[in-house]
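Here are the chains, one letter per residue:
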Amino acid sequence: MLTRIINGKVWIKDQIVERDIIIEGVKIKKIIKKTEGEQVDRIIDAKGDLILPGLIDAHAHLRDGNLSYKEDFSSGTRAAIAGGFTLVIDMPNTNPPVSNSQRLIERKTLAHGRIYCDVGFLVMPTDFSKITQLSKSGCLGFKVYTHRVFEDANFSEGERLRSLFKEAMKTNRPISIHAEDPKKIHKLPESYDAEEHSKAHPKGAEIEMIKEIIKVASDFPIKVRICHISTAEGLQLFVESKRYNSNLFSEVTPAHLALETSILRKVGKLAVVEPPIREFKDVLALRKGVWDGAIDVIGTDHAPHTLTEKLADKPSSGFPGFETAVPILFTLAKGGFLPLSNVVKALTEGPAKLYGLIEYGSIDKDKVANLTFIKFVPEYLIDSSKSYSKAKFSPFNGFKAEAIVTRTIVRGETVFTSEDGVIDLKNGKIVER
Ligand code: NCD
Ligand code: ZN
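Reading the values: the criteria
Residues numbered from 1 in each chain as written. Chains lettered and ligands numbered in written order. Predicted model: local features only at pLDDT ≥ 70, side-chain atom pairs only at ≥ 80, totals over all residues. Heavy atoms only, no water. Phe/Tyr/Trp six-rings, centres within 6.5 Å; stacked < 30°, edge-to-face > 60°. Helix = DSSP H or I, 4+ residues; strand = E, 2+ residues; numbered from the N terminus. Buried < 20%, exposed > 50% of the residue type's maximum accessible area, 1.4 Å probe, protein only. Near = heavy atom within 4 Å. Polar contact = N/O pair within 3.5 Å; in protein donor to acceptor, adjacent residues only side chain to side chain. 1 Å grid on protein atoms, 1.4 Å probe; cavity = no way out; pocket = protein on both sides within 12 Å on 5 of 7 lines; lining within 4 Å. Sits in = over half its atoms within 2 Å of the grid points. Nonpolar A, V, L, I, M, F, W, Y, C, P; charged D, E, K, R; others polar. Donors = N, O, S within 2.8 Å, 3.2 Å for Na, K, Ca; no water. Tetrahedral: all angles 85-135°; square planar, octahedral: opposite > 155°, others 65-115°. Axes fitted to C-alpha atoms, helices over the stretch in contact; angles between N-to-C directions. Parallel < 35°, antiparallel > 145°, perpendicular 65-115°, else oblique. Left-handed = near helix turned anticlockwise from the far one by under 90°. Contact = heavy atoms within 4.5 Å. Points joined across faces, edges and corners; volume = space filled by probe spheres on them. Salt bridge = Lys/Arg side-chain N within 4 Å of Asp/Glu carboxyl O. Domains from an automatic or database assignment. Buried area = accessible area lost by both parts, 1.4 Å probe.

Trainee: Any chance you could explain the packing of aromatic side chains here in plain terms?
Mentor: The description of two aromatic rings rests on the distance between their centres and on the angle between their planes. Tallying each qualifying case throughout the model produces 5 aromatic pairs. Between the aromatic rings of Phe73 and Phe121, the centroid separation amounts to 6.1 Å while the plane-to-plane angle is 80°, which identifies the pairing as edge-to-face. On the criterion of sequence distance, the pair formed by Phe73 in helix 1 (residues 73-82) and Phe121 in strand 8 (residues 118-123) is long-range, its members being 48 residues apart. Exposure remark for Phe73: the relative accessible area of 0% places this residue in the buried category. For the pair Phe396 and Phe399, a centre-to-centre distance of 5.2 Å together with 90° between the ring planes defines the contact as edge-to-face. Owing to a relative accessible area of 2%, Phe396 belongs among the buried residues under this scheme.

Trainee: Can you help me understand the site of ligand 1 in this one?
Mentor: With respect to spatial proximity, 14 residues lie near ligand 1, and among them Arg63, Asn93, His178, Asp301 and Ser317 are the closest. At a separation of 3.3 Å, an oxygen atom of ligand 1 approaches a polar side-chain atom of His59. Contact distances for ligand 1 include 2.9 Å between an oxygen atom and a side-chain N or O atom of Ser317. Counting atoms within 2 Å of the grid points, the majority share of ligand 1 lands in the largest pocket. For the shell around ligand 1, the per-class residue count stands at 3 nonpolar, 8 polar and 3 charged.

Trainee: When you look at the coordination of the zinc ion (ligand 2) in this model, what are you seeing that I'm missing?
Mentor: For a metal bound by four donors in a tetrahedral arrangement, the ideal donor-metal-donor angle is 109.5 degrees, while six donors in an octahedral arrangement ideally sit at 90 or 180 degrees. Those protein atoms acting as donors to the zinc ion (ligand 2) are His178 (ND1) and His228 (NE2), and they sit at 2.1 Å. Geometry at the zinc ion (ligand 2) is irregular, judged from its 4 donor atoms and the angles of 55 to 139° they form at the metal. Of this pair, His178 sits in strand 10 (residues 175-178) while His228 sits in the loop between strand 11 (224-226) and helix 7 (232-242), placing them 50 residues apart in sequence.

Trainee: Whenever I open this one, the packing of helix 6 (residues 203-217) against helix 7 confuses me. Can you help?
Mentor: Geometry of a packed helix pair, given as the angle between the helix axes and the separation of the axes. At a minimum axis separation of 9 Å, helix 6 and helix 7 run at an interaxial angle of 15°. One element, helix 6, and the other, helix 7, form an angle in the roughly parallel class. With respect to the hand of their crossing, helix 6 and helix 7 are arranged in right-handed fashion. Of helix 7, the residues touching helix 6 (which contributes Lys203, Glu206, Ile207, Ile210, Lys211 and Ile214) are Glu233, Gly234, Leu237, Phe238 and Ser241. Of the residues contributing to the contact of helix 6 with helix 7, the split by class is 5 nonpolar, 2 polar and 4 charged.

Trainee: For this particular structure, what's the right way to read empty space enclosed by the protein?
Mentor: Over the atoms, a rolled probe matching the size of one water molecule traces out where space is still vacant. Under the definition given, this model contains 3 cavities of 30 Å³ or more. Looking at the largest cavity, its volume works out to about 50 Å³. Taken together, Pro254, Ala255, Thr300, Phe319, Pro320, Gly321, Thr324, Ala325 and Phe396 form the lining of the largest cavity. Elements that contribute at least two residues to the lining of the largest cavity include exactly helix 8 (254-258) and helix 12 (322-334). Taken together, the residues that form the lining of the largest cavity break down as 6 nonpolar, 3 polar and no charged.

Trainee: So what exactly am I meant to see when it comes to the pattern of salt bridges here?
Mentor: A side chain with one charge may pair with a side chain of the opposite charge, provided their charged atoms come close. Within this structure, the stated rule accounts for 32 salt bridges. With its nearest N and O atoms 2.6 Å apart, the salt bridge here joins Glu251 to Arg225. In this pair, Glu251 sits in strand 12 (residues 248-252) while Arg225 sits in strand 11, placing the two residues 26 residues apart along the sequence. Both residues of the pair, Glu251 and Arg225, count as buried. Between Lys426 and Asp424 there is a salt bridge, with the nearest N and O atoms lying 3.7 Å from each other.

Trainee: Can you walk me through the domain arrangement of the protein chain in this structure?
Mentor: It is common to give the size of an interface as the accessible area that goes away when the parts come together. What the domain assignment reports for the protein chain is domain 1 (2-51 + 366-422) and domain 2 (55-354). Tallying the contact residues gives 34 residues for domain 1 and 46 residues for domain 2. A combined buried area of about 3200 Å² lies between domain 1 and domain 2, and 71% of that area is made up of carbon and sulfur atoms. One salt bridge in this structure joins Arg411 and Asp118, with 3.1 Å as the shortest N-O distance. In this structure, the connection of domain 1 to domain 2 is made through 15 residue pairs in polar contact (both at pLDDT 80 or more). Counting residues per element, the ones that place at least two in the side of domain 1 that touches domain 2 are strand 14 (371-381), strand 15 (400-410) and strand 16 (413-417). Examining the composition of the side of domain 1 that touches domain 2, we find that 9 residues originate from one element, strand 15, more than from any other. Its residues placed into classes, the side of domain 1 that touches domain 2 shows 22 nonpolar, 6 polar and 6 charged.

What follows is the structure, encoded as structure tokens:
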């Protein structure tokens, strides 16, 4: 099957060019001039939309298993393609956690035949002596939480991190870290609100743990992603260290780039997230980081929960993010608050480079035919009740936006259009290394 995409403004090597894309099966066959002839089976008219490499979300919680009441592979990947994401990287803090080969294999079996976009998996290792075997069971990398203990996975101490780095290094797969020092997180009462939660997770907790990670990372030649950096000081430490350690990767979320503490009063517990939403000066520092090219990855941290869990005495932290990422980020870019080019890179090239996914992250011959079409539109209001996620709430509900995803193509097939919504084609594949 040969497909020609016409009338697109195509993102190629950081430039927007008027070219046609020829897709053969699941791959991009070539990029040609509009005037060039080519015999094809079907034509997709992009109608002047921006065509980006399929967006990659390197920070997604698809849940399923015992948490399928929050989200499952089907609902999660439907929300992903509606948000323009064609590859999402799933986090291992599931129930049970993905902490060994058997659990990883079970998780892949669970995903099989149910995913609407490509999915890669991260694991949370506990027995480091089996880490090589674990990586060979098909994970893209490792993810650890320094602030919270999952079963026997405890990474709050530098020494434990150090032994992980030592063993993980042998697998040539990156380590991603949620950086908050538990010694600096305050104990919360039986019932608390968003502002109390925020105060309990002070900036110092993130800053101290980033210092520790940078120190450990400098001794091992392995890629490290510091997830969802939220503080100006944390980013500053990262930027200084990156000068002498190119293995360090930074990640920020759309929420930490767009929201500041006043949202906690506006939407209350819905905005509870770890690390918490920070002050405007931190938001500005993170945005400056995107301008400077210091941000390698923008990950949504799509973290669905039920509304009851969000509004409970002890609210669950995190909120969905797949479907609000493009509207929020591209609207900020249109307004001149973020550079479009670096936003696109951090959603495509950046994550592809982190995970060594050479077939992803750019529009070029022989790449997987994953594409995201985006259009700038007159102002509209984000409506989270229309989400494909099981979690139909968002701190961004009611926000003004000026960009939408118009079409998502996964492995050569259209799986979402803004007119028809999600198309019932489970075209995703599990991505391994
Ligand atoms: C995430 C979740 O719900 O799984 N929550 C969050 O507040 N970010 C976990 C995480 O990424 O830390
Ligand atoms: Zn996290």
